[in-house]
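Structural overview
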Amino acid sequence: MSERRVVITGIGVLSPIGLNLDSFWSSLIAGQSGIDTITSLDPSDFYCQIGGEVREFEPTQYFKNPKDARRADRYCQLAMAGAKMAFEDSGFSEGTYDPYRFGCMVGSGIGGLHTLEKQHKNYLEKGPSRVSPFTIPMMIANIASGLISMEYQLAGPNMSIVTACASANHNIGEAWRMIKFGDADAFLAGGAEASISVMGLSGFGAMKALSSRNDEPQKASRPFDKDRDGFVMSEGAGIVVIEELDHAKSRGADIYCEIAGYGVSADAYHMTSPHPEGHGASKCMNLALHHAQMNPEDVDYINAHGTSTGLGDICETKAIKLSFGDHSKNGLVVSSTKSMTGHLLGAAGGIELAACIKSINENIVAPTINLDDPDPECDLDYVPHTSRELNVDVALSNSFGFGGHNASIVLKKFDG
């Protein structure tokens, strides 16, 4: 089998800093934070009262049948919106592709938490007969991928990988692998999340994983800064159309860039903490470079997982040093766009891949805002405060999840 190259031809983004790709990118480059006091519920009982909400979002406009939108959990609504944007951006139209060669892999770290909470409340207050028959299909973490396939008649490979905050990268990466292997020609792939809810805030809050900088929301997410005190939970979706190169060329598609490599590994260390020396994350990046047939010096930019947690930022810094050696201190540029978007959990990798794609296309790197006093153990070039013009031929995006799940994707400029 000849090598099958995989390119990106469509992007869909919904985030706290923009409801589409253009507004998202403009906000990133301007260094604008999307973090604020939570408005979708009363946060006064919670020690963390801030988050990155997707506001002014009307889900019915993204479904062919508005009734279907009302029967979908919020994470599915966000996923469908991201899928529609990516599908339309790619130039595909229904009836112009073999449905059995077009797949869908859209994941979520948590799934339909809003539905679970609402229906559990119905049970407690009114009994089991008042629990909706849509409860299970609305809340399960694979349903977004299923609904998208039905909406666009995508009868190719369809699944949903759930690996916490690495979910989007794993779904995109495994879709890439299936195209390379010949099982499909195109995929809608990525992640969606909507966990700003009482259980989301309570659960992460009980772990003391969230920032409590409630009086300065826009300064709360501060990756690699000495005064970081936890991540800020956000919601949204990041979905891309990835496609076999000849298939894209045959229909005259506009190509953003090429997916060159993908790496996966496990820390095999702790339920929530990363390996203290960054071994798993380093192995993951090494594998991505191996599949891309690249050397560490070939990478211009890393979009770090960079969550603004005490251990996570240090361990990722160590992992980058392990994988990139001298290049980590001489020429490699790293930034965390979570400083502006907050942490979208299972959707994070999707919107961060979009940031990498735009960096390659525009030769600009988004900053790490709020990096006022760098942690001495975090001593790389993190592009503090303001965006930077930089020739980006190769970018790497990291996503690491609870359970020790690691996923890295390497992108490169498309060269025909």
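Above this note sits the structure.
**Quick notes on the overall build of the chain**
For the chain, the count of helices and strands is 13 helices and 14 strands. Expected size for 416 residues packed as a compact globule is a radius of gyration near 22 Å; at 20 Å, the chain falls within 12% of this value. Along the longest, intermediate and shortest principal axes, the C-alpha atoms of the chain span 65 × 50 × 40 Å. Across the 416 residues of the chain, 60% fall into the buried class. Taking contacts inside the chain between residues at least 6 apart in sequence as the whole, the part at least 24 apart equals 78%.

**Points about the sheet that holds strand β6 (residues 186–193)**
Taken together, the ten strands give an open sheet; going across it, the order is β5-β4-β6-β7-β1-β8-β14-β13-β9-β10, and neighbouring strands pair in mixed fashion. Of all strands in the sheet, those with a lone pairing partner are β5 (158–159) and β10 (333–335), marking the two edges. Bridge analysis of strand β9 (residues 301–303) against strand β13 (residues 394–401) gives three bridges, and the strand direction is parallel. Along β13, the bridge assignment pairs Y301 with A395.

**Description of the nonpolar core**
Counting 47 residues, the largest nonpolar core has I8, F24, F187, I242 and L411 as its most contacted members. Of all the secondary structure elements, the ones that give two or more residues to this core are β1 (6–14), α1 (21–30), α7 (167–181), β6, β7 (236–244), β8 (257–266), α13 (348–362) and β14 (405–412). With eight residues, the top contributor of residues to this core is α13. Discounting residues that sit within four places of it in the chain, F24 has contacts with V13, S15, I17, G18, T341, I351, A354 and A355. Residues A72, C76, Y97 and A186 belong to the second largest nonpolar core, which totals 34 residues.

**Things to note about the packing of helix α10 (residues 279–292) against helix α11 (residues 310–324)**
Packing of α10 against α11 brings their axes to within 8 Å, and their N-to-C directions diverge by 40°. Considered as vectors, α10 and α11 are oriented oblique to each other. Relative to α11, α10 is oriented so that their crossing is right-handed. Listed contacts from α11 to H279, A281, S282, M285, N286 and L289 of α10 are A319, I320, L322, S323 and F324. In terms of residue class, the contact of α10 with α11 is built from seven nonpolar, four polar and no charged.

**Focus on helix α4 (residues 113–126)**
With 14 residues, α4 ought to run about 20 Å at 1.5 Å a step, and its terminal C-alpha atoms sit 20 Å apart, in line with that. Taken together, the buried positions of α4 are occupied by L113, T115, E117, Q119 and N122. Where α4 is buried, its residues contact α5 (135–139) and α8 (198–206). Directly after α4, the chain includes G127, whose backbone phi takes a positive value near 95°.

**A few points about the packing of aromatic side chains**
This model, assessed by the stated rule, comprises twelve aromatic pairs. Considering the side-chain rings of F87 and Y97, the 6.1 Å spacing of their centres and the 75° angle between planes classify their relative orientation as edge-to-face. Of this pair, F87 sits in helix α3 (residues 74–89) while Y97 is found in the loop between α3 and β4 (102–107), placing the two residues ten residues apart along the sequence. A relative accessible area of 12% means that Y97 is categorised as buried. Between F224 and Y382, the ring centres sit 3.9 Å apart and the planes meet at 10°, which makes this aromatic pair stacked. With a gap of 158 residues between them, F224 in the loop between α8 and β7 and Y382 in the loop between β11 (364–365) and β12 (388–389) connect regions that are remote in the sequence. A relative accessible area of 2% places Y382 in the buried class. The rings of F87, F92, Y97, F102 and Y152 are connected pair by pair, giving a single aromatic cluster. A cation over an aromatic ring shows up here: R251 above the ring of F92, its NZ or CZ 3.6 Å from the ring centre.

**Quick look at the pattern of salt bridges**
A complete count under the given rule lists 26 salt bridges for this structure. When the shortest N-O distance is used, the salt bridge between R101 and D185 registers 3.0 Å. Remark: D185 occurs in the loop between α7 and β6 and R101 occurs in the loop between α3 and β4; sequence separation between them is 84 residues. Given a relative accessible area of 14%, D185 falls into the buried group. Between E216 and R213 there is a salt bridge, and its shortest N-O distance comes to 3.5 Å. The partly exposed category is assigned to E216, whose relative accessible area is 30%. Since its relative accessible area comes to 19%, R213 is described here as buried. Connected through shared salt-bridge partners, R4, R101 and D185 make up one network.

**Thoughts on the environment of S202**
Here S202 lies in helix α8. Classification of S202 by relative accessible area gives partly exposed; the value is 34%. Linking S202 and L245, residues 43 residues apart in sequence, is a C-alpha distance of 45 Å.

**What about the pairing of β4?**
A regular strand places its side chains so that they alternate between the two faces of the sheet. Among the six residues of β4, six are classified as buried, and the element is accordingly described as predominantly covered. Side-chain alternation along β4 places F102, C104 and V106 on one buried face and G103, M105 and G107 on a second face that is also buried. Where β4 and β6 come together, six bridges link them in parallel fashion. Residue pairing for β6: C104 is matched across the bridge by L188. Bridge count for β4 against β5 is two bridges, and the pairing is parallel. Within β5, the residue paired with C104 across the bridge is N158.

Procedures and definitions
- Residues numbered from 1 in each chain as written.
- Predicted model: local features only at pLDDT ≥ 70, side-chain atom pairs only at ≥ 80, totals over all residues.
- Heavy atoms only, no water.
- Helix = DSSP H or I, 4+ residues; strand = E, 2+ residues; numbered from the N terminus.
- Rg over C-alpha atoms; globule rule 2.2 N^0.38 Å.
- Buried < 20%, exposed > 50% of the residue type's maximum accessible area, 1.4 Å probe, protein only.
- Contact = heavy atoms within 4.5 Å.
- Pairing = 2+ DSSP bridges.
- Core = buried A, V, L, I, M, F, W, Y, C linked by side-chain atoms within 4.5 Å.
- Axes fitted to C-alpha atoms, helices over the stretch in contact; angles between N-to-C directions.
- Parallel < 35°, antiparallel > 145°, perpendicular 65-115°, else oblique.
- Left-handed = near helix turned anticlockwise from the far one by under 90°.
- Nonpolar A, V, L, I, M, F, W, Y, C, P; charged D, E, K, R; others polar.
- Expected span 1.5 Å × (residues − 1).
- Phe/Tyr/Trp six-rings, centres within 6.5 Å; stacked < 30°, edge-to-face > 60°.
- Lys NZ or Arg CZ within 6 Å of the ring centre and 35° of its normal.
- Salt bridge = Lys/Arg side-chain N within 4 Å of Asp/Glu carboxyl O.

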